[in-house]
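# Structural overview
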Amino acid sequence: MNICLTTGTKKIQNIHRAANAALAQRIDATFVAEELARTSKDVINITVECQESDIITDSSGEKYRAIFSGLLHFPATRDLHVQGPERDTKAEAIKDSEVLGKAYEFEGEPGLRRVAERLERKTWSRAEITGAAESSFEGLLRDPQAKTGTKVEKLIPPGEGWVRSNDEMLWDPRSEVYFVQIGTQMGKYLMKDSKTKQFQEVDTPHTSTEFAINARAGGASLVRKGAKMERTVMLPDMPKIARLALKFPLSFLDSPASAFSIFQGLRSAEAADWCAKNFHTRLLKALGGKIHNWETRELQTVLATVLRDMDSELLKGTTAFSGCNALLALLLGDRLVVSGVGQVRALLLFEDDSTRLLLAGTHDCLAEKERERVEEAMGVMQDGLLHRTLETTDDAQRILRAKNCFEVLSLEAGGPIDEKQIKAAYRKLVLKVHPDKRGDAVDLDAYNKAFARLDSAKDEAETILSKDADACRELCKVMSANIHTREGAAELLGVDKTADTDTDSVTEEAEKACRWQIKRLEKLEASANKLFEQAKAICKEAVETIRRPGSSEALPRQEALLKVGLSTSRAMGARDLRFPTPIVKMEPESAAWSVPTAGKGCRLALLVGATAALPSPRLVALGKGMLKQPKAAALRWCQEADASANSVGAICIGLEVRKRPGEQSPAAAKRLKTTSLGSGEAGSVFLRHVLFRHSQLRHVDPMARREGAAKTVSEAEAAALETLSELLASPAAFGKICRERSDCQTGSQPGNMCGHLGWLGRGEQEPAVEEAAFSLEVNDFSDIVTTCRGIHIIQRLG
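Conventions we followed
- Residues numbered from 1 in each chain as written.
- Predicted model: local features only at pLDDT ≥ 70, side-chain atom pairs only at ≥ 80, totals over all residues.
- Heavy atoms only, no water.
- 1 Å grid on protein atoms, 1.4 Å probe; cavity = no way out; pocket = protein on both sides within 12 Å on 5 of 7 lines; lining within 4 Å.
- Points joined across faces, edges and corners; volume = space filled by probe spheres on them.
- Helix = DSSP H or I, 4+ residues; strand = E, 2+ residues; numbered from the N terminus.
- Nonpolar A, V, L, I, M, F, W, Y, C, P; charged D, E, K, R; others polar.
- Buried < 20%, exposed > 50% of the residue type's maximum accessible area, 1.4 Å probe, protein only.
- Contact = heavy atoms within 4.5 Å.
- Patch = residues over 30% accessible without salt bridge, like charges linked within 9 Å, V, L, I, M, F, W, Y side chains within 5 Å.
- Areas by Shrake-Rupley, 256 points an atom, 1.4 Å probe, with all protein chains shown as cover.
- Salt bridge = Lys/Arg side-chain N within 4 Å of Asp/Glu carboxyl O.
- Lys, Arg positive; Asp, Glu negative; His and termini not counted.
- Charge placed at Lys NZ, Arg CZ, Asp CG, Glu CD.
- pLDDT = per-residue confidence, 0-100.
- Pairing = 2+ DSSP bridges.

Per the stated rule, a full pass over the model turns up six cavities of 30 Å³ or more. For the lining of the largest cavity, the element with the highest residue contribution is helix 17 (residues 555-560), accounting for three residues. When grouped by side-chain class, the residues that make up the lining of the largest cavity number four nonpolar, four polar and four charged. Approximately 80 Å³ is the volume found for the second largest cavity. Contributing to the lining of the second largest cavity are Glu-160, Asp-172, Arg-174, Pro-249, Leu-250, Ser-251, Phe-252, Leu-253, Leu-287, Gly-288, Lys-290 and Ile-291. In terms of residue class, the lining of the second largest cavity is built from six nonpolar, two polar and four charged.

Across the eight residues of helix 14 (residues 486-493), six count as buried, placing the element largely inside the fold. All of the buried residues in helix 14 are Arg-486, Gly-488, Ala-489, Ala-490, Leu-492 and Leu-493. Packed against the buried residues of helix 14 are helix 13 (469-479), helix 15 (504-521), helix 16 (529-547) and helix 17. Phi turns positive, to about 70 degrees, at Gly-494, one or two residues after helix 14.

A separate point is a negative patch on the surface. A cluster of like negative charges, contributed by Asp-496, Asp-500, Asp-502, Asp-504, Glu-508 and Glu-509, occupies part of the molecular surface. Position of Asp-504 relative to the elements: it lies in helix 15.

The next point concerns the confidence of the model for the protein. Per-residue confidence for the protein gives a mean pLDDT of 87; residues scoring 70 or more make up 87%. Confidence drops under pLDDT 50 across residues 1-24; counting only partners more than four residues distant or on other chains, this segment forms 50 contacts. A low-confidence stretch, residues 143-149 stays under pLDDT 50, and its non-local contacts, those more than four residues away or across chains, total eight contacts.

Now for the layout of surface pockets. The gaps left among the atoms become clear once a water-sized probe is rolled over them. One number sums up the size of the second largest pocket: a volume of about 1500 Å³. Taken together, 47 residues make up the lining of the second largest pocket; nearest its centre are Arg-388, Thr-389, Lys-403, Glu-407 and Met-479. Sorting the residues of the lining of the second largest pocket by element identifies helix 8 (368-376), helix 9 (395-401), helix 10 (405-408), helix 12 (444-467), helix 13 and helix 16 as the ones contributing at least two each. Across the lining of the second largest pocket, the residue classes break down as 20 nonpolar, 12 polar and 15 charged.

Let us now look at the pairing of strand 6 (residues 169-172). Sheet topology note: the strand 5 (residues 163-164)/strand 6 ladder contains two bridges and is antiparallel. Note on strand 6: the bridge partner recorded for Arg-164 is Leu-170. Here strand 5 hands over to strand 6 after four residues, the two strands then running antiparallel side by side. The pairing of strand 6 with strand 7 (residues 177-180) spans four bridges and is classified as antiparallel. Residue pairing for strand 7: Asp-172 is matched across the bridge by Val-177. Hairpin geometry of strand 6 and strand 7 is characterised by an intervening segment of four residues between the two adjacent antiparallel strands and by a positive phi of about 60 degrees at Glu-176.

Right, let's talk about the environment of Ser-695 for a bit. Looking at the element boundaries, Ser-695 is found in the loop between strand 23 (685-692) and helix 21 (713-729). Residues Ser-695 and Gly-708 lie 13 residues apart in sequence; the distance between their C-alpha atoms is 7.0 Å. Setting aside its immediate chain neighbours within four residues, Ser-695 contacts Ala-710 and Lys-711.

Attention now goes to unusual backbone geometry. Note the cis peptide between Ser-255 and Pro-256, where omega equals 5 degrees. Following Phe-579, the chain continues to Pro-580 via a peptide bond in cis, the omega torsion being 5 degrees. For Pro-580, the position within the fold is in the loop between strand 19 (572-573) and strand 20 (589-594). In this model, Asp-353 sits at a positive phi of 75 degrees, which is unusual for a non-glycine residue. With respect to the helices and strands, Asp-353 occurs in the loop between strand 15 (344-350) and strand 16 (355-360). With a relative accessible area of 38%, Asp-353 lands in the partly exposed category. Even without a glycine there, the phi angle at Ala-574 is positive, about 50 degrees. Considering the arrangement of structural elements, one finds Ala-574 in the loop between strand 19 and strand 20. Classification of Ala-574 as buried rests on a relative accessible area of 0%.

Set out below in structure tokens:
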């Protein structure tokens, strides 16, 4: 390895420290670039910085630090920047710089970083500072060959995130893959066998490939009544988000690496809100667990596992009775993977108006197979909603909905004392449900079924009572317990019913009571096995109710959800409908598709709830002409959804082949030549816009022309969508529309200047405006853009 080494000292003053530091960094970068242009060697620069400390002491306000920076070009060109600890004296910092230089010379980048970490704990003595350089390196440079001056070449693996395991190997902590830098196995990748704990060789990590695909996404929701139930999550650049939010790299993923999700709350928005806040951490950690190539089926498993993990957490916490539909989409390179549960739909829409269904979640309780499954689990349907129990005044329906023989006979929780009590209950009900006693106006088929079940229940109860009267009464008590309320579970298990966030002690008592309860029922295991197994499940579910933390203030609100039905037979959460019998199931369904890297693009519609019920031709028609405005298309779908739905949501993702640098469409190139806006600086764009303000804005806008007519964000978005539709149909009407509708002062500008923002460069506007503006071609209109000023429709003119 050839190295060009320079050293120096620079001083950074406290005044305008950030600006001066940035200037110094740019000077260093320029110097390095010039060096690289003249030579093929690595360029290394070691300096000592001095800056005034923010902490004023009696001794001095200055601190010193060794800085090691360089530009390396093997195995690939990259920057290297390592700094030593803050020191009180320049002599200590100079000693740090000597050690850092020596570490890099002998051990390369891994040794440099290791020594920098050790220096954080190193205190230099006066003898070490004034003594011979080599003697002061003891304990810092671990390689004994460093003392003799023999350089040890160590291989550097591709990618980021490697940490040192020992002198010979690096380790990736997320995937648990080791890389051997020196020795007989140099260059090999190893993993420990889970059983033998011995190293085994594995394949070389995946090399990231960039595909010429752009993904442009927008999500929308519309609240007609009550609370917003939908939550959308957009992760357009997962490696960047992982680095910033979770502090680890995802350098082995193909590009683009994007993920999107939409969650729709059922009963309440709590489950959807929790999932939206935790989705990214679970997905990114799962993807970081492998640095080799991901097979498509493995990606489908990853998404399904993320859903299951989030569901498991929902069931344990205060969100247990809330539920949600969920739909996830993952784009890695040219592979698109979707996974969902509940009333969800993933649909591809092509530019020739054709469609392709990727995924339609199982959810319809009225479909034959689902209806049979729900009825077997003793679920109750009413008005299109699914319940575990439902009160009714109709005796036949009550008997048909009963969960067990005791409930059929309306026996109290204490259970039957003897057979006379069972027969008395039977005779009382026979008079009410016997088909011969009913008139022609009733459903005779239902009464026939109810009468038959009543007969069967009497026989079953008498058989159980004859086997063991005490166990029979105990079984009746268990089967009638309302275990999903804390009071009901506590009464069954005989523990404290007080809600608390710390439930460890009471849970231990509940587990003991559960074991004792099941022991008392074991006498009935052979004669009433089905009821015995149900009773065991009920007791265990009662323990989980006690285990679940909560507060006395929140508990009534949470348990009120038990009375709210569910509109789908598949969902996340909704614990009371999934245990002890699975009336509702949580089984993720997945699909995959290969995105074309040539030709025309397409759009992916992620739909939940009412939007998932929209016909495909209608989705195509509503999104017509909005290929570059995904949020506007999603909002149109929401507006078209069933008007009886209180809250609706959707995501639209545009997938298009990326143009080569400098490439423009013929129409855009022609428009660019004929524009007469003067010229801006390189890298700037000329914009005009229409602004829609609303009453929910929190900041004073000095550029506001007036207060907006819209009261809510939804109203402002609806007005923006209507305006965008008109502008796409008639771009020449911009001046008239802007003058009439824009709430920005630019709407009052005369003539063709109406709405003009002028030439703008990067960093001069909010990120949302900048992202939208620089993705437009000349004369194109943006999607609906939200900022702290309101809702915008932007047009690029130059």
